[in-house]
Amino acid sequence: MPSSSHTVEAALAQRDPKIIESLMPKWEWAYDHYFQTRTDGWHHVPKQALFVGSHNGGLAAPDMVMLMVDWFRRFGYERPMYGLMHPKVWQVTPWLARLGAQCGAVPAQPKFAIAALQRGASVLVFPGGAQDVFRPHHQRHQIQLMGRTGFIKLALRENVPIVPVISRGAHDTFIVLNDFYKQAQWLNQKGLLPWFQGIDPEVFPIFLGLPWGLAIGPVPHIPWPHPIHTRVCSPIVFERTGRAAAKDSDYVQQCYGQVVEQMQTALDQLIAST
């Protein structure tokens, strides 16, 4: 987690177009050959938006990386998109957090997202978080944003449209059998299963994946090759916006339901068409 001295301005300034450009050849090879990625819908993208995605593929999250390849190919390295990354990444893997920050990642806290939007940048968020990215394989075609409405409040407060992003295939790059977090939490409370670095992982999946074969816990893995199809959906513009709308809990829930419904419909259509 960034320290208190890690200001919003410093976090946003860490984004380095030259670092991004240096990494693009490897990402583009994965995009074109390893995942044989297909995308559509980029004509929908407005000048600025809050991009909201369904998280897939474990810690590797290949659809997220492929989405960013699309962004850089279309808009170059100077037009910023900041991605909200779980603050625990800074605790568990500081080196990865630093690399992520150079590519545009900031801690998933409102002040960072607000600052990015107020500076004219777009922001990418995956509200479902760890539970979504490690959801069981049989739920891979379900939008699971876990009832988290912070992104709705953000869009309303800053008066920016939400652009949903859905994909098929990234959650087939490994196979999550199930999440055994409740059992792992019980063992942890009994002193039988200490958390890595004392940090609650929030999920405890058992999955099939490379290079482990059978893996236990939210550990890194190498996604096996599987075609990924990503779709950028048309923007959602809410009827009411502003601080008052963001504080109206009933309205926030209504907007949240609208986003989830439209994302699920879009994902169902994508699956039916491929």
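A few points on the structure. None of the values given here were measured: they were computed from a predicted structure. Within each chain, residues carry numbers counting from 1 in the order of the written sequence. Residue-level local features of this predicted model are given only where pLDDT is at least 70; pairs of side-chain atoms are given and counted only at 80 or more, and the full residue set underlies all totals for whole chains, interfaces and linings. Side-chain calculation: all heavy atoms of the structure are included, whereas hydrogens and water are not.

Further remarks concern the pairing of strand S5 (residues 122-125). On a regular strand, one side chain projects to one face of the sheet and the next to the other, so that they alternate. Throughout, exposure labels follow a simple rule: accessible area from a 1.4 Å probe, protein chains only, divided by the maximum for the residue type, with under 20% read as buried, over 50% as exposed, and the rest as partly exposed. By definition, any uninterrupted DSSP run of H or I lasting at least four residues is a helix, any uninterrupted run of E lasting at least two residues is a strand, and each is numbered from the N terminus. By the alternation rule, side chains of S5 split into Ser 122 and Leu 124 and Val 123 and Val 125, which are all buried. With three bridges joining them, strand S2 (residues 50-53) and S5 adopt parallel strand pairing. Bridging across to S5, Phe 51 finds its partner in Leu 124. By this definition, two strands are paired if DSSP reports at least two bridges between them. Two elements, strand S3 (residues 81-85) and S5, share three bridges in a ladder whose sense is parallel.

In the sections that follow, a salt bridge refers to a side-chain nitrogen of Lys or Arg positioned within 4 Å of a carboxyl oxygen of Asp or Glu. Within this structure, the stated rule accounts for ten salt bridges. With a closest N to O distance of 3.0 Å, Lys 88 and Glu 202 form a salt bridge. With Lys 88 in helix H4 (residues 88-92) and Glu 202 in the loop between helix H9 (181-189) and strand S8 (205-209), this residue pair connects regions lying 114 residues apart in the sequence. For Lys 88, a relative accessible area of 22% gives the class partly exposed. Among the ionic pairs, Asp 248 bridges to Arg 240, the shortest N-O distance being 3.3 Å. On the basis of relative accessibility, which here comes to 26%, the residue Asp 248 falls in the partly exposed class.

So, about helix H5 (residues 94-102). Taken as a whole, H5 has its buried residues at Ala 97, Gly 100 and Ala 101. One side of H5 holds all its buried residues, which, seen down the axis, span an arc of 100°. Those residues of H5 that are exposed and angled more than 90 degrees off the buried face are Trp 95 and Arg 98. Taken from the residues just after H5, Gly 104 is the one with a positive phi, measuring 115°. The arc under discussion is defined with respect to the helix axis, by the directions toward the C-beta atoms.

This next bit is on helix H8 (residues 150-158). All of the buried residues along H8 are Phe 151, Ile 152, Leu 154, Ala 155, Leu 156 and Glu 158. At the exit of H8 stands Asn 159, carrying a positive phi of roughly 55°.

Time to look at the packing of aromatic side chains. Stacked, edge-to-face and tilted labels apply to pairs of Phe, Tyr and Trp rings (six-membered ring for Trp) whose centres lie within 6.5 Å, assigned for plane angles under 30 degrees, over 60, and everything in between, in that order. Tallied over the entire structure, the rule returns 14 aromatic pairs. Ring geometry for Phe 72 and Tyr 77: centres 6.0 Å apart, planes at 45°, overall tilted. On the basis of relative accessibility, which here comes to 23%, the residue Tyr 77 falls in the partly exposed class. Through pairs of rings, three or more aromatic residues link up here, namely Trp 42, Phe 51, Trp 71 and Phe 75. Whether a charge sits over a ring depends on NZ of Lys or CZ of Arg being within 6 Å of the ring centre and within 35 degrees of the ring normal. One cation-aromatic arrangement involves Arg 73 over Tyr 31; the distance from NZ or CZ to the ring centre is 4.6 Å. Between Arg 240 and the ring centre of Tyr 251, over which it is positioned, the NZ or CZ distance is 4.3 Å.

Taken together, seven strands build an open sheet; the order of strands is S1-S10-S6-S2-S5-S3-S4 and the sheet is mixed. Two strands bound the open sheet, and with one partner strand each, they are strand S1 (38-40) and strand S4 (105-107). Taking each pair of neighbouring strands and ignoring which way they run, the sheet shows an average axis angle of 25°. Residues are treated as being in contact if the distance between any of their heavy atoms lies within 4.5 Å. All axes here are fitted lines through C-alpha atoms, helices being fitted over the stretch that makes contact, and every angle between N-to-C directions spans 0 to 180 degrees. The sheet contacts of helix H6 (residues 110-118) involve S3, S4 and S5, and relative to S5 the element is tilted by about 150°. Packed onto the sheet, H8 meets S2, S5 and strand S6 (162-168) and runs at close to 165° relative to S2.

Reading across the sheet, the three strands line up as S7-S8-S9 and stay open at both edges, with antiparallel pairing between neighbours. In this open sheet, the two edge strands, each paired with only one partner strand, are strand S7 (175-179) and strand S9 (213-216). In this sheet, adjacent strand axes meet at a mean angle of 20° when their direction is disregarded. Pairing of S7 with S8, which is carried by four bridges, proceeds in the antiparallel orientation. Note that in S8 the partner of Val 176 across the bridge is Phe 207.

Time to look at the nonpolar core. Counting residues in each nonpolar core, the largest one holds 43 residues, and the members touching the most others are Leu 50, Phe 151, Ile 152, Leu 156, Ile 162 and Phe 238. If you tally residues by element for this core, the top one is helix H11 (residues 249-273), at eleven residues. When residues no more than four places from it in sequence are discounted, the contact partners of Phe 238 are Ile 152, Leu 156, Ile 162, Tyr 251, Cys 255, Gln 258 and Val 259. Ranked by size, the runner-up nonpolar core spans 25 residues in total, among them Leu 67, Val 69, Val 165 and Val 232. In these notes, a set of buried Ala, Val, Leu, Ile, Met, Phe, Trp, Tyr and Cys residues joined through side-chain atoms within 4.5 Å is what counts as a nonpolar core.

Take it as geometry only, folks, not as evidence of what the structure does.
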